[in-house]
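Descriptive analysis of the structure
Spelled out from the first residue to the last, the chains are:
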Amino acid sequence: MFKLRYAQLEEIYGWLFVTPWLFGFLAFIVGPMLVSVYLAFTNWDILTPAQMVGFDNFVKLTTGDPLVGQALKVTTIYAGVSIPLQVVLGLILALLLNEKIKAMSFVRTVFYLPSVVAGVAVALLWRWIFSPDFGLLNAGLDLVGIDGPAWLADSRTALSALILMSLWGVGGGMLIVLAGLQGVPTTLYEAAEVDGANSWVRFWNVTLPMISPVILFQTVMGIIGALQVFTEAYVMTEGGPKYATLFYMLYLYQNAFEFLKMGYASALAWVLFAYILLLTLLVLRFSAAWVYYEGVSTKAGQ
């Protein structure tokens, strides 16, 4: 009887501790999502009552608004280039920083610290770096006799500049991969050495399969993050020049808070949600072909 009463008391305490989180989840996540579903089928400018328009907003964004396609194109290119670069560079740094040398903890901290700083501060810093007149990047190119472009003011280089800027936070991914590398059993490397495997063979057949779940995690989180980029474009380019950096989230923000088209912005938000969900499911579906889970006889998803 005492055990039963103790279990019931423990369950009550559990619900009490989780109640603040549940309240916040319902009030600040589920609630706004439900409201946005309703608004997506309305025409609402905040100042006047919402008017039901059915699927007009979705018809407009698929057939009558060319900027939606441009925003999706820019965002997809950004994600398709920046995510592989971040994953590969993070893996290379993690491999280098996994060696046992002096002051390694300090070196790891140096590479990780930039990822802690984010948001407007980073955007302002990189706007100065990309400045064509007194920017650090063009000053460095000038030292080797190269005339640097007007990075953010040229439609041909603006998106490339933001992709380059995205590597600023590669230290966060590096730390995750480093944790994965240190979790690889040394016995596997010893067995590979006994079989005569060189460094490349050990990396390809031992290291890479063992950290493939970490790479999958980084890829999925990278997709979710890259498709929602906003601050960099808002602070540095405002979507220009010539819509070259019109990210989807920036266009959504403009419709909601500059043009006061809350209904249309809500429809845009749900299209983005569906796009992210689709890409994430595709990555998870095809991960079975290359992700290895220790202790599972078949590959992930099989």
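Just so you know, these numbers come straight off a predicted model, no measurement behind them.

Before going further, it helps to examine the packing of helix α2 (residues 56-64) against helix α13 (residues 262-286). Following both chains from N to C, one finds α2 and α13 inclined at 65 degrees, their axes separated by 9 Å at the closest point. With respect to α13, the axis of α2 lies roughly perpendicular. The two elements α2 and α13 cross, and the hand of that crossing is right-handed. Judged by residue contacts, N57, F58, K60 and L61 of α2 engage G263, Y264, A267, L268 and V271 from α13.

Take the domain arrangement of the protein chain next. For the protein chain, the domain assignment lists domain 1 (1-40) and domain 2 (56-301). The distance between the C-alpha centroids of domain 1 and domain 2 comes to 33 Å. Taken together, the contact pairs five residues of domain 1 with six residues of domain 2. Here domain 1 and domain 2 share zero salt bridges between them. At the boundary of domain 1 with domain 2, the tally comes to two residue pairs in polar contact (both at pLDDT 80 or more). Residue classes in the side of domain 1 that touches domain 2 are distributed as four nonpolar, one polar and no charged.

Further remarks concern the packing of helix α9 (residues 186-194) against helix α10 (residues 199-226). Each pair of packed helices can be described by the angle between their axes along with the distance between the axes. Two numbers describe how α9 lies on α10: the axes approach to 10 Å, and their chain directions differ by 165 degrees. For the element pair α9 / α10, the angle class is roughly antiparallel. The hand of the α9/α10 crossing is right-handed. Residue-level inspection shows L188, Y189, A192 and E193 of α9 in contact with α10, the latter providing R202, V206, T207 and M210. Considering only residue class, the contact of α9 with α10 consists of five nonpolar, one polar and two charged.

Within the largest apolar cluster, 65 residues are counted, with the highest numbers of intra-cluster contacts made by Y78, F130, M165, M236, F247 and L268. Of all the elements in the fold, those that place two or more residues in this core are α3 (66-96), α5 (120-129), α7 (158-166), α8 (170-182), α10, α11 (231-236), α12 (248-258) and α13. Setting aside residues no more than four positions away along its own chain, Y78 makes contact with I83, L159, L162, I163, S166, A226, V229 and F247.

Secondary-structure assignment places F130 in the loop between α5 and α6 (136-143). A relative accessible area of 1% means that F130 is categorised as buried. When sequence neighbours within four positions are dropped, the list of residues in contact with F130 reads L137, W151, L152, A161, L164, M165 and M236.

Calculation criteria
Residues numbered from 1 in each chain as written. Predicted model: local features only at pLDDT ≥ 70, side-chain atom pairs only at ≥ 80, totals over all residues. Heavy atoms only, no water. Axes fitted to C-alpha atoms, helices over the stretch in contact; angles between N-to-C directions. Helix = DSSP H or I, 4+ residues; strand = E, 2+ residues; numbered from the N terminus. Parallel < 35°, antiparallel > 145°, perpendicular 65-115°, else oblique. Left-handed = near helix turned anticlockwise from the far one by under 90°. Contact = heavy atoms within 4.5 Å. Domains from an automatic or database assignment. Salt bridge = Lys/Arg side-chain N within 4 Å of Asp/Glu carboxyl O. Polar contact = N/O pair within 3.5 Å; in protein donor to acceptor, adjacent residues only side chain to side chain. Nonpolar A, V, L, I, M, F, W, Y, C, P; charged D, E, K, R; others polar. Core = buried A, V, L, I, M, F, W, Y, C linked by side-chain atoms within 4.5 Å. Buried < 20%, exposed > 50% of the residue type's maximum accessible area, 1.4 Å probe, protein only.

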